[in-house]
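# Reading the structure
Listed below, chain by chain, are the residues.
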Amino acid sequence: MELNEVIITKAIIEKYNAKLMDNLDTDVAIVGGGPAGIVAGYYLAKAGKKVVLFERKLSIGGGMWGGGMMFNEIVVQEAALPILDEFNIRYEKFEEDHYTSDSIEAITALTYKAVQAGLTIFNCVSVEDVMMRTEEIIGLVINWSPVEMAGLHIDPLTMRSTFVVDATGHATEVVKVVMKKVPGELMTPTGKIEGEKSMWSDKAETLTLENTREVFPGLYVAGMSANATFGGPRMGPIFGGMLLSGEKVAKELIDRL
Ligand code: 48H
């Protein structure tokens, strides 16, 4: 039978439309498809929760593709090896508590297993605001990334979610919006974003986990965004903390849902 361009078009529109409609009311909405966000999405989906992830860029993976300075290898410490095992990501011991993985293998494996576990990912979608009620976050305001990039004045759409996870990396974008626009204070020492500190890998990796928590009713932070929000240092291209942070936020939300 001859292939039909109109059927191809209809198939894509109808399937995407159904996927979007199905994700307008979820248990958890994750903003940002870096390692922390993807791992969080995987464990939540695996536990049977309804979870969606919005990523601004065309590709998933955030800052992991380039390893360190575009040398596409990542370093992971022993504590995070069970997560690499869970995703069948291969690694080699380098020295002491430092293991290496190919960053391309790592991202593709994380993404593949997360989607297969039931995480729905919308790429090319930017989160520009939150939906709020009195001192509570109850969803996200989304728009096409090209709309944002072109600076077009086009109103966004809105989705509802019991919990939101800011996994936007260094930019900590959702928390910034909440600090600026939602009445109430963040659950940080100053009530505001504390800001990321300079490099200290060992301390940063421990703090990333401690800082992975609720920062405003209904809003959690994970990964680099957790450190930026609570004032932890950066750690460079070691990714165990990002993976463990994603796992931790998923566990906490599974307990609360
Ligand atoms: C939709 C958005 C929005 C938005 C941002 O930066 P990431 O990889 O984040 P993490 O926390 O999973 O990993 C951090 C790691 O990559 C890193 O930078 C490290 C370890 N740095 C150490 C150091 O010393 O520098 O991914 C965040 C993702 C990106 O893909 C963004 O495009 C996306 O979030 N994003 N998506 N709407 N408003 N803001």
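Residues numbered from 1 in each chain as written. Predicted model: local features only at pLDDT ≥ 70, side-chain atom pairs only at ≥ 80, totals over all residues. Heavy atoms only, no water.

A separate point is the overall build of the protein chain. Tallying secondary structure elements over the protein chain gives 9 helices and 11 strands in all. For a compact globule of 257 residues, the expected C-alpha radius of gyration is about 18 Å, and the protein chain comes in at 18 Å, within 12% of that figure. Along the three orthogonal principal directions, the C-alpha set of the protein chain runs to about 60 × 55 × 35 Å. Accessible surface, the protein chain: about 13200 Å² in total, of which carbon and sulfur atoms supply 57%. (Helix = DSSP H or I, 4+ residues; strand = E, 2+ residues; numbered from the N terminus. Rg over C-alpha atoms; globule rule 2.2 N^0.38 Å. Areas by Shrake-Rupley, 256 points an atom, 1.4 Å probe, with all protein chains shown as cover.)

Around the ligand, the structure places 27 residues, and the nearest of them are Glu55, Gly63, Glu173, Arg234 and Gly236. In this structure, Gly63 approaches the ligand through a main-chain N or O atom, which is 2.8 Å from an oxygen atom. Interatomic distance of 2.8 Å between a backbone N/O atom of Met224 and an oxygen atom of the ligand. Contact with the protein chains removes 92% of the 790 Å² of surface that the ligand exposes when unbound. Among the elements of the structure, helix H2 (35-46), strand S2 (51-55) and strand S7 (125-133) are those that each provide at least two residues to the shell around the ligand. The element best represented in the shell around the ligand is S7, accounting for 3 residues. Of the residues in the shell around the ligand, the class split is 11 nonpolar, 11 polar and 5 charged. (Near = heavy atom within 4 Å. Polar contact = N/O pair within 3.5 Å; in protein donor to acceptor, adjacent residues only side chain to side chain. Nonpolar A, V, L, I, M, F, W, Y, C, P; charged D, E, K, R; others polar.)

Moving on to the nonpolar core. Grouped together as the largest cluster of nonpolar side chains are 46 residues, with contacts concentrated most on Val28, Ile30, Met64, Phe87, Leu110, Val165 and Leu253. For this core, the secondary structure elements donating two or more residues are strand S1 (25-31), H2, S2, strand S3 (73-76), helix H3 (81-86), helix H4 (103-117), strand S9 (157-166) and helix H9 (240-256). In this structure, Val127, Phe216, Val221 and Phe230 belong to the second largest nonpolar core, which totals 25 residues. (Core = buried A, V, L, I, M, F, W, Y, C linked by side-chain atoms within 4.5 Å. Buried < 20%, exposed > 50% of the residue type's maximum accessible area, 1.4 Å probe, protein only.)

What follows concerns the packing of helix H7 (residues 201-210) against H9. Axis separation between H7 and H9 bottoms out at 9 Å; the angle between their running directions is 10 degrees. In terms of axis orientation, H7 runs roughly parallel to H9. Between H7 and H9, the contacting residues are Glu205, Thr208, Leu209 and Glu210 on the first element and Gly240, Gly241, Met242, Leu244, Ser245 and Lys248 on the second. Across the contact of H7 with H9, the residue classes break down as 3 nonpolar, 4 polar and 3 charged. (Axes fitted to C-alpha atoms, helices over the stretch in contact; angles between N-to-C directions. Parallel < 35°, antiparallel > 145°, perpendicular 65-115°, else oblique. Contact = heavy atoms within 4.5 Å.)

Now for a nonpolar patch on the surface. A cluster of nonpolar side chains, contributed by Leu3, Ile8 and Ile12, occupies part of the molecular surface with about 350 Å² of accessible area. With respect to the secondary-structure elements, Ile12 resides in helix H1 (residues 5-22). Residue Ile12 is classed as exposed on the basis of its relative accessible area of 58%. (Patch = residues over 30% accessible without salt bridge, like charges linked within 9 Å, V, L, I, M, F, W, Y side chains within 5 Å. Salt bridge = Lys/Arg side-chain N within 4 Å of Asp/Glu carboxyl O.)

Let us look at the packing of aromatic side chains. Using the criterion set out here, one finds 8 aromatic pairs in the structure. Here Tyr16 and Trp144 contribute two aromatic rings whose centre-to-centre distance is 6.1 Å and whose plane-to-plane angle is 40 degrees, an arrangement assigned as tilted. Highlighted residues: Tyr16 in helix H1 and Trp144 in strand S8 (residues 136-144), separated in sequence by 128 residues. On the accessibility criterion, Tyr16 (27% relative accessible area) is partly exposed. Ring centres of Phe163 and Tyr220 lie 5.9 Å apart, and the angle between their planes is 85 degrees; on these two criteria the pair is classed as edge-to-face. With Phe163 in strand S9 and Tyr220 in strand S11 (residues 219-221), the pair connects residues that are 57 residues apart, well separated along the chain. With relative accessibility at 6%, the residue Phe163 sits in the buried group. A cation over an aromatic ring shows up here: Arg213 above the ring of Phe230, its NZ or CZ 4.0 Å from the ring centre. (Phe/Tyr/Trp six-rings, centres within 6.5 Å; stacked < 30°, edge-to-face > 60°. Lys NZ or Arg CZ within 6 Å of the ring centre and 35° of its normal.)

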